[in-house]
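Overview (structure and organization)
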Amino acid sequence: MGSTLILKVRICLKPFKPFFYQGSSAFFTLNTSLCKSSQLPVLARFLCTRDTNPSLGGRQTDRRNSGRSDRQGGVKNSTIRHKEWGLWDDAVKGRDKSSTLGQRPSVPKSVFAAGTAKRTTELLKRKAAVASQEEEQHVGEPTRRSVKMQPPDRPLSVAEWRKLKESLGSQQTFDIHMMSAIFKSEAQLDIAKSLLTFVALETGTLSYELLLRYLTLCVNSGHYTEVFDVYEIMQGRFPSLETGASTLFIKSFSRTARWREAVGILQEVKKVFSPSPRNYGDIITAAVLNGDTTTAWALYDELIEKGLSPHQETWEALFKAVRKTEDEKGMDAGDMSEAEHQEKLQGILLYMRNNQFYPQQSLANSIKTWFESLTGQKWTGSWSSATPKGVCRCCGSELESIQLTAEEYKQLKDRVMTDIIQGPDVFKKTTPEELERFKAFVKRKPAFDVVVDGLNVANISSDKSRQSENLLAVVSELVGQGLTVLVLGRKHMLRPSRAWDKHNMNTIQQKAHCFFTDNISEDDPFLLYATLHSGNHCRFVSKDLMRDHKACLPAGATRQLFFKWQRGHQLVVDGHLTLGKRVRFRSISSFDTIIQTSGDSWHIPYDDTADRSTYEVPERWLCLTTKH
């Protein structure tokens, strides 16, 4: 398609302008007989129609990472193909969607170490996510037969398409499912064009969803000339583009010499809805690849100012940017200096530190390469890990302590008291009278060394008859270490039963301080109160990872403080409990897993595993040092 086609399409549209409705659910139906009698090319005729699917929200943003297609057209392997399905979903749904630390056998890994969570649990989560995504993709499919639809191996005539449709039961959504099948099989674009010809002549209209899927197919297979023509036509007819289309156009233009036009599309998008991090990332990457770091950084700063989180690929592109020499820059006063560029990249590292982001392996490699390429600075990068005492095994530097400063501790304590213990739903957790009774109890007692979540520890094994025995084993271990212990429980634990042996419970009360709440009360807030009230030295025993309580805190720095405090204070029982035998606890990290620098060194924790859960931290580090 070329400029002649665009001209003809505009001529085609002109007589019908009064009937065209500019709205999110607009459609324009082309009279079948007129369509058949027109001398315009078929592709021009079908582009004169639009049927917007109301489910395609024009104000939704792309929240998922859509993968890149091969620039020469076509997906080359299963990994890339899997990523490209994100691109398909973005368009149709209108959404942006090594070794470990050496430890002694007697010191089990921290419960927060990457990969500690059971692999089977994570596998089930991934399978559930995939199943949910597939179900979403196939919503509205009337039969299983449509899922298995196979596209033809060549372009078909209208009669041949009609016959094929009838053989499959003349489904109302035949065109949508067939276009899906064409996309999945990476069939020739001419086959898709022949399908559009059939639909246009058969129904006199093409739905917006079908047109958008065709656009996605063009983008995925690298047919950017067709994409540009479709853009010219849609731009001329619609006052604004919806999320799916704009995302595809930005992605397409960013991959070509016309990448600067993607900046204009982005500006138009901002008039209607908020662009996604992926929209910004595509253009930033294009600007970097074309040597325009000034534009790249301007868009990056805008992305951050909007409170969006950049994708790892965006950071990687910026770290891979090749700086121009002084001769190449010439008289361009607006070009960024080497020092400014370096300051910007170090700013990314500080942003990742402040927001507790961890670079993936590929990004860590780019960071290492960039540091080592700095002129006259002699940086050396090495892959490392930390000792249990928090010393880098490569350079011998001590990593930052996991312990909170006095100021951080006070800030966290105040927020926890306000948002978790005395929050708006305090009456769902306890009664005001009970809370005051507990506060008075804690005030009368000495500062505790350890607070034990009694019910949580008691249920550490599936054998319910051993609940009091489990709790007694843990309390005995802690008291045997000379620690002042508080056990939090519920009143039903004091009623003698097979699970709650009277002798065991009496022994627990003799060994430790105990407080038993009403049976309907939630004991976690009491545990947090007692632990924080006792001071920064006090730890707590529970296998509950407190994610619900952390969510009650304001997002950002306060949640990060809570997570840091939690990793330095939570004891989790390791293995089975046997009364009379030593109780083992998972190790507590002595150092903070966060990007850190001392001026002449950087230590960057990075992801080298797919097994890390959101509540875990990496165990591998990139050590960067320089000699002046």
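**As for the environment of Arg 612**
- Positionally, Arg 612 belongs in the loop between strand 12 (601-606) and strand 13 (620-626).
- The partly exposed category is assigned to Arg 612, whose relative accessible area is 23%.
- Remark: the alpha-carbon pair of Arg 612 and Ala 113, spanning 499 residues in sequence, is separated by 7.9 Å.
- A distance of 2.7 Å separates polar atoms of two side chains, one belonging to Arg 612 and the other to Asp 607.
- Of note is the side chain of Arg 612, whose polar atom sits 2.9 Å from the backbone oxygen of Glu 616.

**Brief notes about the environment of Arg 539**
- Secondary-structure assignment places Arg 539 in strand 7 (residues 539-541).
- Taking relative accessible area as the criterion, Arg 539 reaches 33% and is therefore assigned partly exposed.
- For the pair Arg 539 and Gly 568, spaced 29 residues apart in the sequence, the C-alpha separation amounts to 8.1 Å.
- When residues no more than four places from it in sequence are discounted, the contact partners of Arg 539 are Asp 449, Val 450, Val 451, Thr 531, Gly 568, His 569, Leu 571 and Ile 588.

**Some remarks on unusual backbone geometry**
- Phi at Glu 186 takes a positive value of approximately 55°, unusual for a residue other than glycine.
- With respect to the helices and strands, Glu 186 occurs in the loop between helix 8 (174-185) and helix 9 (189-203).
- Judged by its relative accessible area of 36%, Glu 186 falls in the partly exposed class.
- For Lys 378, which is not a glycine, the phi torsion comes out positive at approximately 55°.
- Here Lys 378 shows up in the loop between helix 19 (361-373) and strand 3 (379-384).

**Some thoughts on the pattern of salt bridges**
- If you walk through the whole model with that rule in mind, you get 28 salt bridges.
- In this structure, Arg 213 and Glu 209 form a salt bridge, with 3.1 Å as the shortest nitrogen-oxygen distance. Of this pair, Arg 213 and Glu 209 both sit in helix 10 (residues 208-220), four residues apart, roughly one helical turn. Exposure class is identical for Arg 213 and Glu 209. Each is buried.
- One salt bridge in this structure joins Asp 419 and Arg 415, with 2.7 Å as the shortest N-O distance. Placement of both Asp 419 and Arg 415 in helix 20 (residues 406-421) is noted, with a separation of four residues, approximately one turn of the helix.

Parameters at a glance
Residues numbered from 1 in each chain as written. Predicted model: local features only at pLDDT ≥ 70, side-chain atom pairs only at ≥ 80, totals over all residues. Heavy atoms only, no water. Helix = DSSP H or I, 4+ residues; strand = E, 2+ residues; numbered from the N terminus. Buried < 20%, exposed > 50% of the residue type's maximum accessible area, 1.4 Å probe, protein only. Polar contact = N/O pair within 3.5 Å; in protein donor to acceptor, adjacent residues only side chain to side chain. Contact = heavy atoms within 4.5 Å. Salt bridge = Lys/Arg side-chain N within 4 Å of Asp/Glu carboxyl O.

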